[in-house]
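Geometric and topological summary
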Amino acid sequence: MNQKKMREELLSKINQHSQIEIEKVERYCLLVKHFAAIERKVGNNNLVVVKNGSQEYWKVNPGISEMNKINAQLINLGKDMGLSAPPGSTQGGEFGAGDLV
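Residues numbered from 1 in each chain as written. Predicted model: local features only at pLDDT ≥ 70, side-chain atom pairs only at ≥ 80, totals over all residues. Heavy atoms only, no water.

**With respect to helix α2 (residues 19–42)**
This is how the line gets drawn: Strands here are runs of E lasting at least two residues and helices are runs of H or I lasting at least four, both read from the DSSP assignment and numbered beginning at the N terminus. Expected span, for any helix, means 1.5 Å times one less than how many residues it has. Throughout, exposure labels follow a simple rule: accessible area from a 1.4 Å probe, protein chains only, divided by the maximum for the residue type, with under 20% read as buried, over 50% as exposed, and the rest as partly exposed.
In a regular helix each residue adds 1.5 Å, so 24 residues correspond to 34 Å; α2 covers 34 Å between its end C-alpha atoms and thus fits that length. Along α2, the residues classified as buried are Glu 21, Lys 24, Val 25, Tyr 28, Cys 29, Leu 31, Val 32, Phe 35, Ala 36 and Val 42. Backbone geometry just downstream of α2 places Gly 43 in the positive-phi region, at approximately 55 degrees.

As structure tokens, then:
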């Protein structure tokens, strides 16, 4: 599903006369867009090599932490809007981050 269709579906579920509800949908869509962008950048690179002078070590890709933060925001905002699962959640749900255009 593309982001335009997702936005339309979310708007159909809220009071469209409420500027607060409309702002929540816009914020939700922006968070989904950011989540998808980070997910594309991280890809399969869950670990990254960090070089500090002569030292070299592996650490968790910082994008994963950002994805977790955005996912938590989506869940909270989704609950506030009466949704059950955020688009972009890799734990199932109606939408997938990879479905966005």
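Still more to cover.
**A word on the nonpolar core**
Using the following cut-off: Residues enter a nonpolar core if they are buried and are Ala, Val, Leu, Ile, Met, Phe, Trp, Tyr or Cys, with the set joined through side-chain atoms within 4.5 Å.
Core analysis: the largest hydrophobic core is formed by 17 residues, its most contacted members being Leu 10, Val 25, Tyr 28 and Leu 74. Mapped onto this core, the elements with two or more residues apiece are α1 (3–12), α2 and α3 (62–80). Broken down by element, the residue count for this core peaks at seven residues, all from α2.

**Here we look at the confidence of the model for the protein chain**
Note that predicted coordinates carrying low pLDDT should not be read in detail. Going by this rule: The predictor's confidence in any single residue is recorded as pLDDT, a number from 0 to 100. The contact criterion used is simple: two residues touch if any of their non-hydrogen atoms lie within 4.5 Å.
Averaged over all residues, the pLDDT of the protein chain equals 84, while 82% of them reach at least 70. Between the elements of the protein chain, mean pLDDT differs from a low of 89, seen in strand β1 (residues 47–52), to a high of 95, seen in α2. This model gives residues 90–101 a pLDDT under 50, and the stretch forms 25 contacts once residues within four places in sequence are excluded.

**Remarks on the packing of α1 against α2**
Under the convention used in this document: Angles run from 0 to 180 degrees between N-to-C directions of axes, and those axes are lines fitted to C-alpha atoms, restricted for helices to the stretch in contact. Oblique is the label for any angle not covered by the other classes, which are roughly parallel (under 35 degrees), roughly antiparallel (over 145) and roughly perpendicular (65 to 115). Handedness of a crossing follows from how the near helix is turned relative to the far one, being left-handed for an anticlockwise turn of less than a right angle and right-handed for a clockwise one. Residues are grouped as follows: Ala, Val, Leu, Ile, Met, Phe, Trp, Tyr, Cys and Pro are nonpolar; Asp, Glu, Lys and Arg are charged; all remaining types, including Gly, are polar.
Orientation of α1 relative to α2, taken along the N-to-C sense of each, is 150 degrees, at an axis distance of 10 Å. Between α1 and α2, the interaxial angle falls into the category roughly antiparallel. In terms of crossing hand, the pair formed by α1 and α2 is right-handed. Of α2, the residues touching α1 (which contributes Gln 3, Met 6, Arg 7, Leu 10 and Leu 11) are Ile 22, Val 25, Glu 26, Tyr 28, Cys 29, Leu 30, Val 32 and Lys 33. Residues that form the contact of α1 with α2 fall into these classes: nine nonpolar, one polar and three charged.

**Section: the environment of Val 50**
Assignment of secondary structure puts Val 50 in strand β1. Distance from Val 50 to Val 60, taken between C-alpha atoms, is 9.9 Å for residues ten residues apart in sequence. With near-sequence residues (within four places) excluded, Val 50 lies in contact with Gln 55, Glu 56, Tyr 57 and Lys 59.

**A short note on the pairing of β1**
We count it as follows: Strand pairing is assigned whenever DSSP detects at least two bridges linking the two strands.
Pairing of β1 with strand β2 (residues 55–60) involves six bridges; the strand directions are antiparallel. Looking across to β2, one finds that Val 49 is bridged to Trp 58.

**Here we look at α1**
Applicable threshold: Starting at the helix axis, one direction is taken to each C-beta atom, and the arc is that of these directions. We call two N or O atoms a polar contact when they sit within 3.5 Å, provided that within protein one can donate a hydrogen and the other can accept it, with sequence-adjacent residues counted only if both atoms are side-chain atoms.
Within α1, burial applies to Gln 3, Met 6, Leu 10 and Leu 11. Take α1 and look down its axis: the buried residues cluster within an arc of 135 degrees, on one side only. Projecting away from the buried face of α1 at angles above 90 degrees are the exposed residues Lys 4, Lys 5 and Ser 12. Each element contacted by the buried residues of α1 is listed here: α2. Sitting at the amino-terminal end of α1 is Asn 2, which places a side-chain oxygen 3.2 Å from the backbone nitrogen of Lys 4.

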